[in-house]
Amino acid sequence: MERIMALTTSAPKGGLSYGKIHLPINIEGKAKIKPVYTGLCGTDRAEIAGGLPFTYNPVGQDYMIIGHEAVCQVLDIEENNFGIKSGDYVVPVVRRRGSCINCRIGRPDNCSDVDHDIREAGIRGLDGFNAEYFYDTPENLIKINERSMLKVSALTEPVKNVMKALEVFEKLSERSIFTGDDSTYLLKNCLIIGTGSEAFLYAFMAREYRMKVYMTNRHELGEQKMKIIDEISVSFYNYMKDQGPDKVDLIIDTSGDPATIMRFVRKLNYNGVAIMFGTNGAASDTPISGNDINYIVEHNITIGGSVDGSKKHYLNAIQHLEKWNYSEGGAVNKLITGIYDPDDTGIFMEKPSDEIKSIIKW
Ligand SMILES: [Zn+2]
């Protein structure tokens, strides 16, 4: 039986170990894949800390390989209709289709029964990507065209969330004229709550729309983050100290904190849109006031949730990363603030100050 090195946890109780394991038994595919870089995110750290009750090990295993952000090289693959060959670089998708109607049309990101219908690599019942190598199906691999962008391609998975959220925004904003009278978003403001990696990626997208972009948090930022913020012409303010813009047209929340979100809802302009992306199951309940509801109703505010993304959003993500790599100079590369080895397990326990995205080099 094949044995491989892998980073594993035991869901949902947590923990982390790096060592030899038997090649997972739940693998169906015949494409042999080796990770080049894997990305580390808050979900991984929360899983290891035992803070995500919805996570579970693959059937028949008492562990799960962690990690759902990766760029990999194909070592060996059977002939397939997706144009993927041995030697290609690919990003494996996280969420795998179940049998509900949305999954059947290729939209597991809109699954109608997430708790029972789908599996997510490194999160729900399916091994993740932090392993010496693993097997997968061609259907679940997205090919990277630009080999010079391998490191940045580790951001494909988080960027696909941005692509989905912006699709949601475009649909929601259609009910009135959202652009200015010059047909553009040039005079529109976008406020991004949070300053983590996902928040930065939303900022790149809003910049591409040519909106005026603000990022906010309840504390000051370190030098490294402020430098990137300046470089991409985004304005940052600490909302404990400063007021920020009077009115905004689009709010994107990456904090998942209800009190924080409600603090900003009344900043939205008429016909404004708020996209909620962040989640925080541990946040305390926040009452919503009658005045908040009046404001939301009278201003035609739309609040939309957005989670995950489908294969088409991964493809969009790759295109946008290529575009940003060109249009924003080195700023996209600078989002990767640390590169670690698989045995640097400390990085999973403690977040370096000023981290945007830490990646593991396999
Ligand atoms: Zn489904």
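Please read these numbers as outputs of a predicted model, since none were measured by experiment.

K.L.:
Mind laying out the overall build of the chain, listing which residues take part and the relevant values?
P.N.:
Summing up its helical and strand segments, the chain has eleven helices and 19 strands in all. Relative to the 2.2 N^0.38 estimate, which gives 21 Å for 362 residues, the radius of gyration of the chain is 21 Å and therefore close to what a compact globule would have. Reported as C-alpha extents along the three principal axes, the dimensions of the chain are approximately 65 × 45 × 40 Å. Expressed as a percentage of the 362 residues in the chain, the buried residues total 56%. Put simply, of all contacts in the chain between residues at least 6 apart along the chain, 69% involve residues at least 24 apart. Taken as a whole, the chain presents about 16,200 Å² of accessible surface, with 49% of it coming from carbon and sulfur. One way to put it: in the chain the 41 positive side-chain charges average out to a point 2 Å from where the 49 negative ones average out.

K.L.:
Just give me the short version of the packing of aromatic side chains, but keep the residues and values in it.
P.N.:
Aromatic ring pairs are described here by two measures, namely the spacing of the ring centres and the angle between the planes. Evaluated as defined, the whole model comprises eleven aromatic pairs. Centre to centre, the rings of Phe178 and Tyr185 are 5.9 Å apart; their planes meet at 65 degrees, and the pair counts as edge-to-face. For the residue pair Phe178 and Tyr185, the accessibility class agrees, reading buried in each case. Members of the aromatic cluster, joined through ring pairs, are Phe169, Phe178, Tyr185 and Tyr209. Taking NZ or CZ as reference, Lys32 lies 4.4 Å from the ring centre of Tyr133, over its face. Looking at Lys212, its charged tip hangs above the ring of Tyr214, at a distance of 5.0 Å from the centre.

K.L.:
Can you break down the sheet that holds strand 15 (residues 248–253) residue by residue, with the values?
P.N.:
What the six strands build is an open sheet, ordered 14-13-12-15-16-17; its pairing is parallel. The outermost strands of the open sheet, each flanked by one partner alone, are strand 14 (235–238) and strand 17 (302–305). Averaged over all neighbouring strand pairs, the angle between strand axes comes to 20 degrees, with direction disregarded. Two strands pair when backbone bridges link them, and strand 15 and strand 16 (residues 268–276) are joined in this way by five bridges, in the parallel orientation. What sits directly across from Leu250, in strand 16, is Val273. Where helix 5 (residues 197–208) meets the sheet, it contacts strand 12 (189–193), strand 13 (212–217) and strand 15, and its direction lies at approximately 165 degrees from that of strand 13.

K.L.:
Could you give an account of the nonpolar core, naming the residues involved and the relevant values?
P.N.:
Formed by 44 residues in total, the largest nonpolar core has its most connected members in Phe169, Ile192, Met215, Leu250 and Trp324. Among the elements that line this core, the one with the most residues is helix 5, at eight residues.

K.L.:
Lay out the sheet that holds strand 4 (residues 64–65) in plain terms, naming residues and giving numbers.
P.N.:
Spatial strand order, 2-1-4: three strands in an open sheet with antiparallel pairing. Only two strands of the sheet have a single partner each, and these edge strands are strand 2 (14–22) and strand 4. As paired elements, strand 1 (residues 3–10) and strand 2 share seven bridges and run antiparallel to each other. Bridging across to strand 2, Ser10 finds its partner in Gly14.

K.L.:
Could you give an account of the side chain of Ser310, naming the residues involved and the relevant values?
P.N.:
Within the secondary structure layout, Ser310 lies in the loop between strand 17 and helix 9 (311–327). Taking relative accessible area as the criterion, Ser310 reaches 2% and is therefore assigned buried. When sequence neighbours within four positions are dropped, the list of residues in contact with Ser310 reads Gly106, Arg107 and Asp109.

K.L.:
Could you give an account of unusual backbone geometry, naming the residues involved and the relevant values?
P.N.:
Along the chain, Ala11 connects to Pro12 via a cis peptide bond; the corresponding omega equals 0 degrees. Structurally, Pro12 is set in the loop between strand 1 and strand 2. Its identity as a non-glycine residue notwithstanding, Asp308 has a phi of 60 degrees, on the positive side. Inspection of the secondary structure puts Asp308 in the loop between strand 17 and helix 9. Residue Asp308 is classed as buried on the basis of its relative accessible area, which comes to 8%.

K.L.:
Break down the domain arrangement of the chain for me, with residues and values.
P.N.:
Assigned domains of the chain: these are domain 1 (3–144) and domain 2 (161–305). When each unit is reduced to the centre of its C-alpha atoms, the spacing between domain 1 and domain 2 is 31 Å.

K.L.:
Account for the coordination of the zinc ion, with residues named and values stated.
P.N.:
Between any two of four tetrahedral donors, the ideal angle at the metal is 109.5 degrees; between two of six octahedral donors, it is 90 or 180 degrees. On the protein side, the zinc ion has Cys100 (SG), Cys103 (SG), Cys111 (SG) and Asp117 (OD) as donor atoms, found 2.1 to 2.4 Å from it. Between consecutive donors of the zinc ion, the numbers of intervening residues give the motif C-x2-C-x7-C-x5-D. Of this pair, Cys100 sits in the loop between strand 7 (95–96) and helix 2 (101–104) while Asp117 sits in helix 3 (residues 114–117), placing them 17 residues apart in sequence. Asp117 matches Cys100 in its accessibility class, with the two residues each being buried.

K.L.:
Explain the pairing of strand 16 to me, and be specific about the residues and the numbers.
P.N.:
Regarding the hand of the β-α-β motif, the stretch spanning strand 15, helix 7 (residues 258–265) and strand 16 is right-handed. Judged from the four bridges that link them, strand 16 and strand 17 form a sheet pairing that is parallel. The residue of strand 17 that forms the bridge with Ala274 is Ile303. Taken together, strand 16, helix 8 (residues 290–298) and strand 17 form a β-α-β motif whose crossover is right-handed.

K.L.:
Outline the packing of helix 4 (residues 156–173) against helix 5, listing residues and values.
P.N.:
One way to put it is that helix 4 packs onto helix 5 with a least axis distance of 9 Å and a crossing angle of 50 degrees. When the axes of helix 4 and helix 5 are compared, the pair comes out oblique. Regarding helix 4 and helix 5, the two cross each other, and that crossing is right-handed. On helix 5, the residues touching Pro158, Val159, Asn161, Val162, Met163, Ala165 and Leu166 of helix 4 are Glu198, Leu201, Tyr202 and Met205. Class assignment for the residues of the contact of helix 4 with helix 5 results in nine nonpolar, one polar and one charged.

Criteria and thresholds
- Residues numbered from 1 in each chain as written.
- Predicted model: local features only at pLDDT ≥ 70, side-chain atom pairs only at ≥ 80, totals over all residues.
- Heavy atoms only, no water.
- Helix = DSSP H or I, 4+ residues; strand = E, 2+ residues; numbered from the N terminus.
- Rg over C-alpha atoms; globule rule 2.2 N^0.38 Å.
- Buried < 20%, exposed > 50% of the residue type's maximum accessible area, 1.4 Å probe, protein only.
- Contact = heavy atoms within 4.5 Å.
- Areas by Shrake-Rupley, 256 points an atom, 1.4 Å probe, with all protein chains shown as cover.
- Lys, Arg positive; Asp, Glu negative; His and termini not counted.
- Charge placed at Lys NZ, Arg CZ, Asp CG, Glu CD.
- Phe/Tyr/Trp six-rings, centres within 6.5 Å; stacked < 30°, edge-to-face > 60°.
- Lys NZ or Arg CZ within 6 Å of the ring centre and 35° of its normal.
- Pairing = 2+ DSSP bridges.
- Axes fitted to C-alpha atoms, helices over the stretch in contact; angles between N-to-C directions.
- Core = buried A, V, L, I, M, F, W, Y, C linked by side-chain atoms within 4.5 Å.
- Domains from an automatic or database assignment.
- Donors = N, O, S within 2.8 Å, 3.2 Å for Na, K, Ca; no water.
- Right-handed = clockwise from strand over helix to strand, strands pointing away.
- Parallel < 35°, antiparallel > 145°, perpendicular 65-115°, else oblique.
- Left-handed = near helix turned anticlockwise from the far one by under 90°.
- Nonpolar A, V, L, I, M, F, W, Y, C, P; charged D, E, K, R; others polar.

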